[in-house]
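# Understanding the architecture of this molecule
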Protein chains: 2
Amino acid sequence: MKNRHWILEARPKASIDESCFAWRESEIGRPAEGEVLIRNRWLSFDPTQRGWMTRDTYISKIPLGSVMLAGGVGEIIESRHPHFESGDLVLGGVGWQDYVITDGTDYIPIQKIPAGTPPNLALGIFGFTGLTGYFGTFEVGKPRAGETFVVSGAAGATGSVAGMIAKIQGCRVIGIAGGARKCDWLIAQGFDGAIDYKNENVADRLRALCPDGIDVYFDNVGGEILEAVLDQIAPRARIVLCGAISGYESEELPPGPRNYMNLVFRHGRMEGFLWMEYAKKVPEATQDLMRWHAEGKLVQLEDVQHGLENAPKTLMRLFSGANMGKQLLKLDDADG
Amino acid sequence: MKNRHWILEARPKASIDESCFAWRESEIGRPAEGEVLIRNRWLSFDPTQRGWMTRDTYISKIPLGSVMLAGGVGEIIESRHPHFESGDLVLGGVGWQDYVITDGTDYIPIQKIPAGTPPNLALGIFGFTGLTGYFGTFEVGKPRAGETFVVSGAAGATGSVAGMIAKIQGCRVIGIAGGARKCDWLIAQGFDGAIDYKNENVADRLRALCPDGIDVYFDNVGGEILEAVLDQIAPRARIVLCGAISGYESEELPPGPRNYMNLVFRHGRMEGFLWMEYAKKVPEATQDLMRWHAEGKLVQLEDVQHGLENAPKTLMRLFSGANMGKQLLKLDDADG
């Protein structure tokens with residue numbers, strides 16, 4: 001059985017291009033005792049993967065020559081593992097390939113998708129993305145009703161979830177995104193304001209929209225926008241560090257915010273987090289996310305591309321900002 | 001009666017020099033109803049004053065042409081204020097001058113020094129300096145016994161207090177300071193390690209001295225040392241933002257730490273504070289500071305210069321690192 005896959009061929013220096021990856025085809029074997037054979041159906045694309053390609057972060061960097069790592073959903077077609085059987089839809093770190101043989105204990109462990117949950121939602125608002133928005137907002141940002149909550153990458157996968165959750169929490173929510181199409185979506189979704197960083201002066205707009213200061217900032221982008229926010233924080237502001245995509249394609253780590261000492265003058269806090277730290281609270285979080293979705297308060301914004309051969313191009317969409325919402329790739333031979 | 005004083009003549013671009021100030025002599029009047037006339041005895045010099053000269057921080061910048069602002073201690077020589085009488089030793093925002101007339105409601109309100117407290121300690125370990133070290137350590141850093149606590153500017157006024165308090169709290173304390181004389185003092189004072197940033201590679205030394213990571217970092221300096229610390233933080237590290245003196249003499253705000261996203265990978269937190277926020281806890285804090293001093297666990301490290309005419313030079317000592325501990329200036333005509 002032929003397995004088409006993309007390996008990490010070279011570490012990107014600055015921007016990712018297709019030469020970072022190489023297409024390979026090989027035979028795939030049979031699962032050993034304790035392993036499963038999965039046919040992949042959907043792949044998830046996330047800015048954090050840019051870090052995995054380049055440096056040790058919260059996981060060791062991907063070794064050169066090995067399959068590009070990504071979360072995804074697949075169907076088990078042969079199981080020699082006691083917890084899984086053929087036909088199970090599972091989520092895990094399946095990588096950029098048609099098939100994977102695994103014992104399920106990789107960095108993203110294999111787990112069954114709850115019956116009735118569509119794979120795209122399992123990878124999106126009910127998955128890592130939703131949990132990141134949920135725990136970042138509640139556990140780190142701790143917004144109170146009536147507070148001003150600003151989110152960047154607001155029309156991205158995690159940012160959109162964070163913003164919608166802050167609305168549910170009763171905050172005034174301002175989203176920052178690139179382009180009119182994204183900003184229109186934010187307003188249609190009920191955000192109280194939208195800033196188009198590609199066509200507006202973010203600092204001026206923040207001053208106008210947040211005259212009493214910003215209480216919580218959920219940051220997905222870093223860079224100049226983080227500086228503009230730091231100039232407008234309210235006393236006791238909380239900055240939720242989730243991502244810094246504006247700098248991910250720099251060859252060197254870009255400078256941090258020059259004005260971080262505003263955290264002193266206004267007793268602010270910048271705090272990072274990874275959703276896995278809150279593993280014990282995942283069942284409760286998932287219940288909340290599913291209920292809000294059923295009530296229409298939380299929707300999945302997504303961009304679906306097609307075909308394993310387009311995996312590198314799909315990853316690149318994240319950094320050009322082409323995607324709106326969760327970036328997914330549906331594999332050609334998948335049908336659900 | 002002649003009042004000699006220094007006014008802020010020009011805002012410093014980069015380094016402070018004497019041309020930022022101008023010497024003036026004028027007649028001083030008599031206090032009006034509700035005011036006091038104070039003869040100044042001691043002036044306090046603090047890195048934060050560099051900020052007051054240049055930009056709005058937690059207070060509005062000092063207006064050009066007005067007396068250079070500084071905390072200090074003086075003796076009331078005439079009072080038309082119900083709470084004060086002649087002979088009282090008071091602490092407040094007295095400025096660089098021989099005399100001051102005030103109603104006591106300036107940025108640093110006038111308050112009596114408790115009987116028996118020496119002025120130098122009232123400005124040092126029992127004053128704003130001590131309270132900054134105390135609240136920063138306990139309220140923001142929250143060190144637990146056995147944790148690794150790193151402090152920069154460790155032979156400075158605030159840093160030395162923070163480090164000694166962390167020792168009292170049962171931490172392993174590593175101090176970072178410039179030069180062998182300062183590092184020797186740290187070790188003699190009971191610090192578990194000292195790093196001489198002028199003669200050693202801070203990143204290498206932090207890795208060697210803190211192999212399990214840094215739990216709390218009390219930062220007085222910012223810049224490259226903050227970056228080196230961020231590379232070595234332990235999971236759930238707390239970074240207490242107190243100062244960033246390495247950048248105070250830059251014409252533009254220098255870049256923030258490039259690797260601040262380590263706060264994400266290790267769920268760290270950077271938080272600023274100002275001691276005034278904890279005003280309600282000052283009596284309790286002062287009691288602790290005085291008890292530790294009586295027990296010999298907290299000492300005042302200080303550098304005393306003399307004469308109002310030397311005020312600009314004394315301020316400059318902070319930025320060349322000439323001072324060890326609290327920088328004070330005793331006025332010529334003072335005798336206690």
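Residues numbered from 1 in each chain as written. Chains lettered and ligands numbered in written order. Predicted model: local features only at pLDDT ≥ 70, side-chain atom pairs only at ≥ 80, totals over all residues.

## Considerations on the domain arrangement of chain A
Residues and elements named next belong to chain A. Segmentation of chain A into domains returns domain 1 (2–124 + 301–330) and domain 2 (128–277). Centre-to-centre separation of domain 1 and domain 2, based on C-alpha positions: 28 Å. Contributing elements (two or more residues each) for the side of domain 1 that touches domain 2: α1 (48–54) and β15 (326–330). By residue class, the composition of the side of domain 1 that touches domain 2 is six nonpolar, eight polar and three charged. (Domains from an automatic or database assignment. Helix = DSSP H or I, 4+ residues; strand = E, 2+ residues; numbered from the N terminus. Nonpolar A, V, L, I, M, F, W, Y, C, P; charged D, E, K, R; others polar.)

## Here we look at the relation of the copies chain B and chain A
Overlay of chain B on chain A (RMSD 0.0 Å): rotation 180 degrees, translation along the axis 0.0 Å. Within this description, the copies of the chain are treated as partners about a two-fold rotation axis. Within chain B, B:G256 has its C-alpha nearest the rotation axis, a separation of 2.0 Å. (Least-squares fit on C-alpha atoms with pLDDT ≥ 70 in both.)

## Digging into the interface of chain B and chain A
Between chain B and chain A, the contact holds 25 residues from the first and 25 residues from the second. Those elements that place two or more of their residues in the side of chain B that touches chain A are α8 (262–265) and β13 (269–272) of chain B. For the side of chain B that touches chain A, the leading source of residues is β13(B), giving four residues. Inspection of the sheet shows strand β13 (residues 269–272) of chain A paired to β13(B) by three bridges, in the antiparallel sense. Bridging across to β13(B), A:R269 finds its partner in B:E271. (Contact = placed C-beta atoms within 7 Å. Pairing = 2+ DSSP bridges.)

## A short note on helix α7 (residues 223–230) of chain A
All names here are of chain A. Here α7 lies mainly inside the structure; six of its eight residues are buried. Every buried residue of α7 is listed here: I225, L226, E227, A228, V229 and L230. For α7, the elements touching its buried residues are β8 (148–152), β9 (172–177), α6 (202–209), β11 (214–219), β12 (233–241) and α8 (262–265). (Buried ≥ 20, exposed ≤ 12 C-beta atoms within 10 Å, placed from the backbone.)

## Thoughts on the sheet that holds β13(B)
The sheet built from twelve strands is open, its strands ordered β10(A)-β9(A)-β8(A)-β11(A)-β12(A)-β13(A)-β13(B)-β12(B)-β11(B)-β8(B)-β9(B)-β10(B) with mixed pairing. The outermost strands of the open sheet, each flanked by one partner alone, are β10 (193–196) of chain A together with β10 (193–196) of chain B. Across the sheet, the mean angle separating the axes of adjacent strands is 15 degrees when strand polarity is ignored. Note: β12(A) against β13(A), four bridges, orientation parallel. The partner of A:R238 across the bridge, within β13(A), is A:R269. Packing of helix α3 (residues 128–141) of chain B onto the sheet brings it into contact with β11 (214–219), β12 (233–241) and β13 of chain B, and relative to β12(B) it is tilted by some 140 degrees. (Axes fitted to C-alpha atoms, helices over the stretch in contact; angles between N-to-C directions.)

## With respect to the packing of α6(A) against α7(A)
Residues and elements named next belong to chain A. Axis separation between α6 and α7 bottoms out at 9 Å; the angle between their running directions is 35 degrees. Between α6 and α7 lies a crossing of right-handed hand. Together, V202, A203 and L206 of α6 and I225, A228 and V229 of α7 make up the contact between the two elements. Its residues assigned to classes, the contact of α6 with α7 shows six nonpolar, no polar and no charged. (Left-handed = near helix turned anticlockwise from the far one by under 90°.)

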